Amino acid sequence: MHSGRALRAPAQLAAAAALLAAAVTLTLVSSAAAQAWVGPWPTCDDTTGNYSAGSAYANNTKQLILNLQKNASNTPALFATGSVGVGGADDAVYGLILCRGDLSATDCFDCGTNAGQDVYRVCNGSRDAALVYNQCYVRIAPTDFLASTDNTGFKGLIGYRVPAGVDDVAAYDGAVTRLLNATVQYAVDSGSAQSSSPRKYFATGQMVGLDPQLQLPTGIWSMAQCAGDISPAQCRSCLDDLLAQWWDVQFDRRQVGARLAGSRCNLRIEGENFYTGSPMLKLQMNGAPAPSTDVVPGTTGGKRNSAGKLLRIILPIAFIVAVAVVALCIWIVCKKRTSQGTNLSHQTYMVEDIESIKSILLSLSSLQVATNNFDESNKLGEGGFGAVYKGDLFGREVAVKRLPKGSDLGLEELKNELVLVSKLHHKNLVRLEGFCLEEGERLLVYEYMPNKSLDNILFDHEEKRQLDWRKRFKIIEGVARGLQYLHEDSQKKIVHRDLKASNILLDSDMNPKIGDFGLARLFGQDQTRGITNHIIGTFGYMSPEYVMRGQYSTKSDVFSFGILVIEIVTGQKNTGHYVDEQNEDIISIVWKHWSEGTLAEIIDDSLWRNYSENEVLKCVNIGLWCLQQSPMDRPTMSDVTVMLNDDDTTSSLPPAARPTFFLDASSGYSYTSGTISHPSAR
């Protein structure tokens, strides 16, 4: 029987690869022709005067656009500003380019090329010219408009297709407004979470569940974006101004597509997808959470990017990624069938999952350059699933996880991280920048976290002194928000299953980001728990139902969060020893002091009593509540975030009950690091 399965595997692989290649090809062909708008749409200010071809101003403009397109395509924000000829009274040129946030560096560069060719022609030599393309916004001017946050160089556009059957205009207006407001907030939050400059303020959204009479089967699609050199408050103010203008007389409320674009921010909606990848947020028309529908990526082609050129560039890459990932998945499934009979892999990934990751494929050569060929001096650390290296990828710092060659170790985890993390977009989750599957290498590329992981600081006697109470409370809040997103707000319900201090990474401002999704599990919207016979995780953080029965759910993560909160407050690592009287676990110690009213004695000494007593009490209460024996008695992460942000929560919190695994010495259970023992029958 095993040999029969082994013989069928190549045929299954070939058939799946061929089917997937055809599907990817069809998607790309249809997407390449989907965009009706090409551009440019100009705003030409004739009051600033005109310049002639070959003049000093023309030459400066040409040089400036070359500089801008090069700089923008080499920064993650896809944004650049600059000037040429400053000091000459009549020849100085100031400029800006802002590429759509989902573009590749190549597409951003190409859009700059188009602007350089179009700017003189379409504006008849106007010195102040703004060009709006599908892929970018470009402006040049003789005055320093960059010194102001005003959204000058403004252009308002409308689409060409009217949705049939819009009888309830108010309901349609409300849906558009709600989607735009949510997209604006997401864009501002995404930029606020970044410490690098320029910031990348960018968000995409989708409203689904519309009345079928609207003939918008995939809903309404949105985008919000700001220039990368302004503050989050200025970005919000700029986008709010656009929202206030949205229903001015220049727009017909029954139009599907509309766009407002300026030198500081822009907004856009369409009746079909116009960007690549899945939307960053998804709303339901009736206000309920949106179902996890599949999204067909849009095109990134420009004015001169024909469908044939686009296919010649993308198809080979898409085909390689598709075949590699599908081969990986099928090989694992076939291997499990061979060794376990009819036990199939507990997660299946479809063609739509490939769509979400193919846009972040990176070449091996680029990562070899980024890490100096994985030089030991760039190694950040090494864990159970390979080494992690620091790299410089196209001017931005990244962390590259390298799985061992020729080993099955981490294959399932690699598949998980590729498919799951590429769908996740939240300021408290580590961002996946790309991946590579070339020449036997298996590489995952993440944003670089300069302060590494929380455990390196929290459990080090000297390093922990830099974690004052404000920073610790911010870390607790951030982790709570990240978990809430995974459990309740992302497109898919996800259980992390390995939340611990070493998987909380810290950026330069000590903002926390949850990482390492190798053990994460995807749940259906109505699924409440899963069961596994293969218990993997970290003792000291695993919930009792998972340890004893292999059951996991979002409440398993809540339990791990409770452990983490207690560790952050006390500065002590939970050892996982639950009966050794000489080495009590930190949870038992905290519970004793909580019950006796002497909690101040076990708060981290490095805080020197410089903390809010109410906040500490609140955090310990929440932590103990998360550690209840029954999952039903633990809060949800949305409950936790509400309590953390409520100044009056301390008095209204339910009294903490005795946490799980707090056992007398006479109990037969022990739970130690690396082993699980059950009471012997008597």
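Residues numbered from 1 in each chain as written. Predicted model: local features only at pLDDT ≥ 70, side-chain atom pairs only at ≥ 80, totals over all residues. Heavy atoms only, no water.

The protein chain appears in an unreviewed UniProt entry as Protein kinase domain-containing protein from Sorghum bicolor. UniProt annotates the protein chain under Subcellular location (unreviewed entry) with the comment "Membrane". (UniProt positions renumbered as here; feature names shortened; annotations may be inferred.)

What follows covers the overall build of the protein chain. Across its full length, the protein chain holds 17 helices and 24 strands. Buried residues in the protein chain amount to 52% of all 682 residues. Taking as baseline every contact in the protein chain between residues at least 6 positions apart, the subset at least 24 positions apart corresponds to 70%. Counting only carbon and sulfur atoms, one obtains 52% of the accessible surface of the protein chain, whose full area is about 29200 Å². (Helix = DSSP H or I, 4+ residues; strand = E, 2+ residues; numbered from the N terminus. Buried < 20%, exposed > 50% of the residue type's maximum accessible area, 1.4 Å probe, protein only. Contact = heavy atoms within 4.5 Å. Areas by Shrake-Rupley, 256 points an atom, 1.4 Å probe, with all protein chains shown as cover.)

Following the criterion strictly, the structure yields 18 salt bridges and no others. Residues Lys-390 and Glu-397 are paired through a salt bridge, measuring 3.1 Å at the closest nitrogen-oxygen approach. On the basis of relative accessibility, which here comes to 27%, the residue Lys-390 falls in the partly exposed class. In this structure, Lys-513 and Glu-447 form a salt bridge, with 3.2 Å as the shortest nitrogen-oxygen distance. Note that Lys-513 is positioned in strand S19 (residues 512-514) and Glu-447 in strand S16 (residues 443-447), a separation of 66 residues in sequence. You'll find Lys-513 and Glu-447 in the same group, each marked buried. Each member of the salt-bridge network shares a partner with another, and the members are Arg-396, Arg-431, Glu-433, Glu-447 and Lys-513. (Salt bridge = Lys/Arg side-chain N within 4 Å of Asp/Glu carboxyl O.)

Moving on: unusual backbone geometry. One non-glycine residue, Asn-372, adopts positive backbone phi at about 55 degrees. By the element assignment, Asn-372 lies in the loop between helix H8 (364-370) and strand S12 (379-383). At Lys-452, a residue that is not glycine, the phi angle is positive and equals roughly 60 degrees. Looking at the secondary structure, you find Lys-452 in the loop between S16 and helix H10 (454-458).

A few words now on the state of the cysteines. For the coordinates displayed, the defined rule picks out five disulfides. A disulfide bridge connects Cys-238 with Cys-265, and the sulfur atoms are separated by 2.0 Å. The S-S bond linking Cys-238 to Cys-265 shows a torsion near -80 degrees; that makes this disulfide left-handed. Residue Cys-238 is located in helix H5 (residues 232-245), and its partner Cys-265 is located in strand S10 (residues 265-270); the two are separated by 27 residues in the primary sequence. With respect to burial, Cys-238 and Cys-265 carry one shared label: buried. For the protein chain, the bonded cysteines connect in the pattern 1-5, 2-3, 4-6, 7-8, 9-10 when numbered consecutively along the sequence. (Disulfide = S-S within 2.5 Å.)

This next bit is on the confidence of the model for the protein chain. Across the protein chain, the average pLDDT comes to 75, with 67% of residues at 70 or higher. Considering only residues more than four positions removed or in separate chains, one finds that residues 577-582, a stretch of pLDDT under 50, has 16 contacts. Taken together, the stretch residues 662-682 has pLDDT below 50 and engages in 41 contacts with residues farther than four places along the chain or on a different chain. (pLDDT = per-residue confidence, 0-100.)

The subject of this paragraph is the side chain of Ser-222. Structurally, the position occupied by Ser-222 is in strand S8 (residues 220-226). Among the residues examined, Ser-222 registers a relative accessible area of 0% and is labelled buried. At a separation of 2.8 Å, a polar atom in the side chain of Ser-222 contacts the side chain of Thr-183. Excluding residues within four positions of it along the chain, Ser-222 makes contact with Leu-179, Leu-180, Thr-183, Ala-203, Thr-204, Gly-205, Gln-206, Arg-268, Ile-269, Phe-274 and Tyr-275. (Polar contact = N/O pair within 3.5 Å; in protein donor to acceptor, adjacent residues only side chain to side chain.)

On to the sheet that holds strand S4 (residues 126-132). The strand order across the open sheet formed by five strands is S1-S4-S5-S3-S2, and the pairing between neighbours is antiparallel. Every interior strand has two partners, whereas the edge strands, strand S1 (41-50) and strand S2 (79-84), have only one. The sheet shows a mean angle of 10 degrees between the axes of neighbouring strands, taken without regard to direction. Sitting on the sheet, helix H2 (residues 56-73) is in contact with S2, strand S3 (93-99), S4 and strand S5 (136-141), with an inclination near 155 degrees to S2. (Pairing = 2+ DSSP bridges. Axes fitted to C-alpha atoms, helices over the stretch in contact; angles between N-to-C directions.)

This part covers the environment of Lys-200. Among the structural elements, Lys-200 can be located in the loop between helix H4 (169-192) and strand S7 (201-208). Linking Lys-200 and Cys-226, residues 26 residues apart in sequence, is a C-alpha distance of 7.6 Å. Setting aside chain neighbours within four positions, we find Lys-200 in contact with Pro-76, Ala-77, Gly-101, Ser-190, Gly-191 and Gln-194. From its side chain, Lys-200 meets the backbone oxygen of Gly-101 in a polar contact 2.7 Å long.

What follows concerns the packing of helix H15 (residues 613-626) against helix H16 (residues 637-645). The geometry of H15 relative to H16 is characterised by a closest axis approach of 10 Å and an angle of 165 degrees between their N-to-C directions. Taken together, the axis directions place H15 and H16 in an arrangement best described as roughly antiparallel. Judged by the twist between their axes, the crossing of H15 over H16 is right-handed. Residues Lys-618, Cys-619, Ile-622, Trp-625 and Cys-626 of H15 form the contact with H16, whose own contacting residues are Val-640, Met-643 and Leu-644. Along the lines of polarity and charge, the residues of the contact of H15 with H16 split into seven nonpolar, no polar and one charged. (Parallel < 35°, antiparallel > 145°, perpendicular 65-115°, else oblique. Left-handed = near helix turned anticlockwise from the far one by under 90°. Nonpolar A, V, L, I, M, F, W, Y, C, P; charged D, E, K, R; others polar.)

What follows deals with the packing of aromatic side chains. In this structure the tally under the stated criterion is six aromatic pairs. For the ring pair Phe-374 and Tyr-389, a centre distance of 5.4 Å and an interplane angle of 70 degrees mean the geometry is edge-to-face. With a gap of 15 residues between them, Phe-374 in the loop between H8 and S12 and Tyr-389 in strand S13 (residues 386-393) connect regions that are remote in the sequence. Residue Phe-374 is classed as buried on the basis of its relative accessible area of 6%. Through successive ring pairs, a cluster of aromatic residues spans Tyr-51, Tyr-57 and Tyr-120. Above the ring of Tyr-57, the side-chain terminus of Arg-127 is found at 4.3 Å from the ring centroid. Over the ring of Phe-274 we find Arg-268; its NZ or CZ atom is 4.1 Å from the centre of that ring. (Phe/Tyr/Trp six-rings, centres within 6.5 Å; stacked < 30°, edge-to-face > 60°. Lys NZ or Arg CZ within 6 Å of the ring centre and 35° of its normal.)

Here Asp-118 lies in helix H3 (residues 105-122). You can call Asp-118 buried: its relative accessible area is 0%. A distance of 2.9 Å separates a polar atom in the side chain of Asp-118 from a polar atom in the side chain of Arg-121.

Attention shifts here to the pairing of S5. With six of six residues buried, S5 lies mostly within the body of the structure. Pairing between S3 and S5: six bridges, direction antiparallel. Paired with Tyr-94 across the two strands is Ala-141, which belongs to S5. Taken together, the four bridges between S4 and S5 define a ladder with antiparallel strand orientation. Its bridge partner lying in S5, Ala-130 is registered against Arg-139.

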